[in-house]
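The lines below spell out each chain.
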Amino acid sequence: MVVKFQIQIQMLRTNYVTIDDFKIVDVADHCDWDKLNIAIDDALNFELPELLCEYWGLVKNTFKVENPTEEQLKLLNGDIYKCSNVTRQFLGLKKMLVYYSYSNYLMGSVLNDTGLGFVKKTDQYSIPTPYKDIKEIANSYRNRGYSIVKQLKEYLCHNKDLTQGYNIKFIDCGCGCESGYCDLTEKRIFVFKPKIIRR
């Protein structure tokens, strides 16, 4: 079992997260590792930079640190902090990346590219999950990731020392929706309309 786990870790092309981090989404032992790596790359190269804007430089550099400080570890793995004497939780950059990556993985697992075009893989022992159900599950993971994006902005608002050297401007640092970070429009960000061409 230990040997199997070590082999799985080597199948992820990034060192930003490990397969252990993916336990929160219960990724299958026999998942399509190539597609999972593509899903991680897509989150890192497209979705997160666009969502995080001026925060992205800090996030990317925190992922790249080989020997993170205690504060950087809190940024990566999550932290509990006080805001106006109210206990708040930040779930961490790793979980944010995992949720977005797994959402991408679910949407990318619907079809397989073959020499004859895109096909759904089925056999006599399985029934394919309807696309609508997969999309709903993928969106639920995407929304969890977006919740952490809002947590991150509020967390950094209360831990400005972490942002030194980055051009990050903060709005009022309140708690929860008082901070104004709840005003971001999720529907505008998470519209996902893939096209399926039928022959």
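Scroll up to find the structure.
From a predicted model like this one, the values you see are computed outputs, not experimental measurements.

The next point concerns the packing of aromatic side chains. Under the counting rule described, the total for this entry stands at 7 aromatic pairs. Ring geometry for Y55 and F170: centres 6.4 Å apart, planes at 70°, overall edge-to-face. Of this pair, Y55 sits in the loop between α2 (33-52) and α3 (56-64) while F170 sits in the loop between α6 (131-157) and α7 (186-189); the two residues are 115 residues apart in sequence, bridging distant segments of the chain. Centroid distance Y102 to Y141: 5.1 Å. Interplanar angle 90°. Geometry classified as edge-to-face. One end of the pair, Y102, is in helix α5 (residues 93-108); the other, Y141, is in helix α6, with 39 residues separating them in the sequence. Residue Y102 shares its accessibility class with Y141, and that shared class is buried. One aromatic cluster is present, built from ring pairs that chain together Y99, Y102, Y105 and Y141. The lysine or arginine in question, R144, covers the ring of Y141, its NZ or CZ lying 4.5 Å from the ring centre.

Okay, the environment of D26 next. If you trace the backbone, D26 turns up in the loop between α1 (2-10) and α2. Using a relative accessible area of 63% as the deciding quantity, one classes D26 as exposed.

What follows deals with the environment of S101. Examined against the element boundaries, S101 turns out to sit in helix α5. Of the residues examined, S101 reaches a relative accessible area of 0% and is grouped as buried. If near-sequence neighbours (up to four positions away) are discounted, S101 is found in contact with F22, A39, I40 and A43.

Covered by surrounding structure in strand β1 (residues 79-83) are D79, Y81 and C83 only, the residues I80 and K82 on the alternate face being uncovered. Count of turn residues in the β1/strand β2 (residues 86-90) antiparallel hairpin: 2 residues, of which S84 carries a positive phi of about 50°.

In this section: the side chain of D79. Structurally, the position occupied by D79 is in strand β1. Within the buried core, D79 has no salt-bridge partner, and the shortest N-O distance to an opposite charge, that of K74, equals 4.4 Å. Within the structure, the side chain of D79 is placed 2.8 Å from the side chain of Y155, a separation counted as a polar contact. When neighbours within four sequence positions are excluded, D79 is seen to be in contact with K74, R88, Q89, F90 and Y155.

Of the pairings in the sheet, the one linking β1 to β2 comprises 5 bridges and is antiparallel in character. Within β2, the residue paired with I80 across the bridge is Q89.

On to α5, then. Helical geometry note: an α-helix holds 3.6 residues per turn, so side chains three or four residues apart project in the same direction. With 16 residues, α5 extends 22 Å from end C-alpha to end C-alpha; this agrees with the ideal 22 Å at 1.5 Å per step. Burial analysis of α5 places 13 of its 16 residues in the buried class, the great majority of the element.

Conventions we followed
Residues numbered from 1 in each chain as written. Predicted model: local features only at pLDDT ≥ 70, side-chain atom pairs only at ≥ 80, totals over all residues. Heavy atoms only, no water. Phe/Tyr/Trp six-rings, centres within 6.5 Å; stacked < 30°, edge-to-face > 60°. Helix = DSSP H or I, 4+ residues; strand = E, 2+ residues; numbered from the N terminus. Buried < 20%, exposed > 50% of the residue type's maximum accessible area, 1.4 Å probe, protein only. Lys NZ or Arg CZ within 6 Å of the ring centre and 35° of its normal. Contact = heavy atoms within 4.5 Å. Pairing = 2+ DSSP bridges. Lys, Arg positive; Asp, Glu negative; His and termini not counted. Salt bridge = Lys/Arg side-chain N within 4 Å of Asp/Glu carboxyl O. Polar contact = N/O pair within 3.5 Å; in protein donor to acceptor, adjacent residues only side chain to side chain. Expected span 1.5 Å × (residues − 1).

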